[in-house]
Amino acid sequence: MAERVFMKGCEAIAEAGVRAGCRFFAGYPITPQNEIPEYFARRMPEVGGVFVQGESEVASVNMLYGAAATGTPAMSSSSSCGISLYSEGVSYCASARLPVVYVNVQRGGPGIGAIQPAQQDYLQATKASGNGGFRMIVLAPATVQECVDMVYEAFELAQRDNNPVLVLTDGVIGTMMEPVVLPPMKTDEDIKAMKAKFADKACTGHEPCKQHFCFPGSVGTGQEIANKEAEKMYATWDKDVRVEKYLTDDAEIIFAAYGISARISRAVVKQLRAEGIKAGMIRPITVSPFPYEAFSSLDFNQVKGILDVEMSIPAQMRWDIDHAVQGRCPINECRRSGGQLLTNDQVLEGARQLIKEVL
Amino acid sequence: MAEKKVYEKTLGVMPDVISGFCPGCMHGTVHKLVGEVVQELGMLDKLVRVEGVGCCGLGQQFVSHDVIIAAHGRACAVATGVKRCSPESLVYTYQGDGDLASIGLDETVSAANRGENFTVIFINNGIYGMTGGQMAPTTLIGMKATTAPFGRKVEEHGYPMHVCELLSQLKTPQFLVRTAVDTPQNVIKTRKYIKQAFQNQIDGKGFSLVEVVTSCPTNWGYTAKEALTFLREKMFEEFPLGVYRDKDKEEA
Ligand SMILES: Cc1ncc(C[n+]2csc(CCOP(=O)(O)OP(=O)(O)O)c2C)c(N)n1
């Protein structure tokens, strides 16, 4: 029977990583995600894995690069200003086509910002997490259960594509406790099979002249060829797009929100429905690839307005929604940032304003 | 008359690839020594090179073993990940002075202080070679660089940085040595040091670093012969050759 336990988001993320087969973790302390490295520090010795507290985020992500180059399932985590320092290593992993998983438990920004939760790294996460125009699948959980499921799945996706995968969450979900069903523990055999899948690339030593290379770049025309190969892989991601459409069938007002903002929006949608207002929500689950279709295919004779709900000023996901909607209905924003949480009342007020304007 | 083989090229470098190093550069000699000693240790098939960014990059097509290219300065962090995950591999970083002592100083010192069980081959040529002769942390006082066109000045740039001395302040490292390959005697010595640095890794003794003080005729603006003189007269004066740490000797 599946195990049901009560866990804090960050610890659930770490346990899901271990169960997914992660056997190397490196990270540097930063609030609000310290429970992730702390959990790995305790847990890794129990499963024969490696935990290293890096001297910086720069070092940690480069350790991850080295670990992944040996074919070892590896992950890391950080928060916002720490994630900025991951740009280098993640770009190198993308370039060398290494399967790594990392988690951003977002806090306020820019700069050192605020240690409280925020959603201010959306564009960085989905569009340019480092130099060179690479792309990643970015998963955005809204519950601790989704954190668990998505970290688990992130390893499969990373290994399928040999590409980094980012789980984009925030300081609310990372620090709250919820009951979760934990996925099965990958066995040593499973992990061996994962390594075997990477064996033709792994750099662990080979007979002279039969060497393996881990190259995050290339000379001559090689780099452009690598870019085209990567583009082909990105083009296969249409099937990976995931989105939740909540009460959208007859909705005249659509909330657009991911992660923690989607939880708050859901409560408000329910409240409006109780009042007889036809409200619904589109919740991107993969924020990259983004579910453009969910927005572009709306019936704009029925949908009168969209409320983009984000903990970011200025709004960021708004860019993607705009791109899909192309001006076919008004889009209002409901936002907080810098570590200030959205409240139900504030989202309700934002919704009432939109209703007044468009209904 | 029966033929007696007196020299055989190491299997540690590709049999038919010509290296891209400049005339008078000493990278080639060091590559050869790494190949030779690891071949002697019977570990060529376990050898993983974590390569810094700089002229060392010209070696990537030249060696016959696994190569992981690290980001500039991050070789010691990357090697940490590699060795921790694959302890049976024989791991070394190969880095220049800009890579190891400027952009990557944190990674170097921290890996040394954790006592990571890999080998560092550090080429100190007192200059940024690959990018065309900019000032390095090891550039000598008065020495001209493209970013110090009037020569390195103490008031502006401080004194050259001494990596072996710096690391010898730490308690953890196993083996720290500064050496050269300018004469046959020095080549033989360096060969011995590199072998010890790899043997230490095989024996699980922890962090070993071999600093090789070399010339860079191209970016120093000298002929190969002039560069040798400068190396011996100026570089060795600032960077005294010798063993800075050998825990085996201390314990004995
Ligand atoms: C992040 C980053 N910054 C700068 C560079 C450019 N760069 C390439 S090699 C190099 C200097 C290398 O000098 P050194 O480490 O002394 O090695 P050498 O070429 O002299 O052997 C620099 C600055 C880079 N590749 N990456």
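I will try to describe carefully the structure that is included in this document. Owing to the predicted nature of the structure, the values given are computational and were not obtained by experimental measurement. (Residues numbered from 1 in each chain as written. Chains lettered and ligands numbered in written order. Predicted model: local features only at pLDDT ≥ 70, side-chain atom pairs only at ≥ 80, totals over all residues. Heavy atoms only, no water.)

**With respect to the overall build of chain A**
Next, step 1: In terms of helices and strands, chain A carries 14 helices and 16 strands.
Next, step 2: The C-alpha radius of gyration of chain A comes to 21 Å, within 12% of the 21 Å expected for a compact globule of 359 residues.
Next, step 3: Seen through its principal axes, chain A has C-alpha atoms that stretch 75 × 50 × 40 Å.
Next, step 4: Looking at chain A residue by residue over its 359 residues, the buried ones come to 60%.
Next, step 5: Each charge sign in chain A was given a centre, from 35 positive and 42 negative side chains, and these centres are 2 Å apart. (Helix = DSSP H or I, 4+ residues; strand = E, 2+ residues; numbered from the N terminus. Rg over C-alpha atoms; globule rule 2.2 N^0.38 Å. Buried < 20%, exposed > 50% of the residue type's maximum accessible area, 1.4 Å probe, protein only. Lys, Arg positive; Asp, Glu negative; His and termini not counted. Charge placed at Lys NZ, Arg CZ, Asp CG, Glu CD.)

**Regarding the site of the ligand**
All names here are of chain B.
Next, step 1: The environment of the ligand is made up of 16 residues, and the closest members are Cys55, Asp97, Asp99, Gly129 and Met130.
Next, step 2: Between the ligand and Ile127 there is a distance of 3.1 Å, counted from an oxygen atom to a backbone nitrogen or oxygen.
Next, step 3: Coverage of the ligand by the protein amounts to 76% of the 590 Å² it exposes when considered alone.
Next, step 4: Those elements giving two or more residues to the shell around the ligand turn out to be helix H3 (97-103) and strand S5 (127-128).
Next, step 5: Top contributing element to the shell around the ligand by residue count: H3, with four residues.
Next, step 6: The class makeup of the residues in the shell around the ligand is six nonpolar, eight polar and two charged. (Near = heavy atom within 4 Å. Polar contact = N/O pair within 3.5 Å; in protein donor to acceptor, adjacent residues only side chain to side chain. Areas by Shrake-Rupley, 256 points an atom, 1.4 Å probe, with all protein chains shown as cover. Nonpolar A, V, L, I, M, F, W, Y, C, P; charged D, E, K, R; others polar.)

**With respect to the pairing of strand S4 (residues 74-78) of chain A**
Residues and elements named next belong to chain A.
Next, step 1: The buried count for S4 comes to five of five residues, which makes it a mostly enclosed element.
Next, step 2: Of the two faces of S4, both are covered, the one formed by Ala74, Ser76 and Ser78 as well as the one formed by Met75 and Ser77.
Next, step 3: In this sheet, S4 lies alongside strand S2 (residues 24-27) in parallel orientation, the contact comprising two bridges. By the bridge assignment, Phe24 is partnered in S4 with Ala74.
Next, step 4: As judged from the five bridges shared by S4 and strand S5 (residues 100-108), these two strands associate in the parallel manner. Across the sheet, the residue bridging to Ala74 is Val100, located in S5. (Pairing = 2+ DSSP bridges.)

So far we have only geometry, and geometry alone does not tell us how the molecule works.
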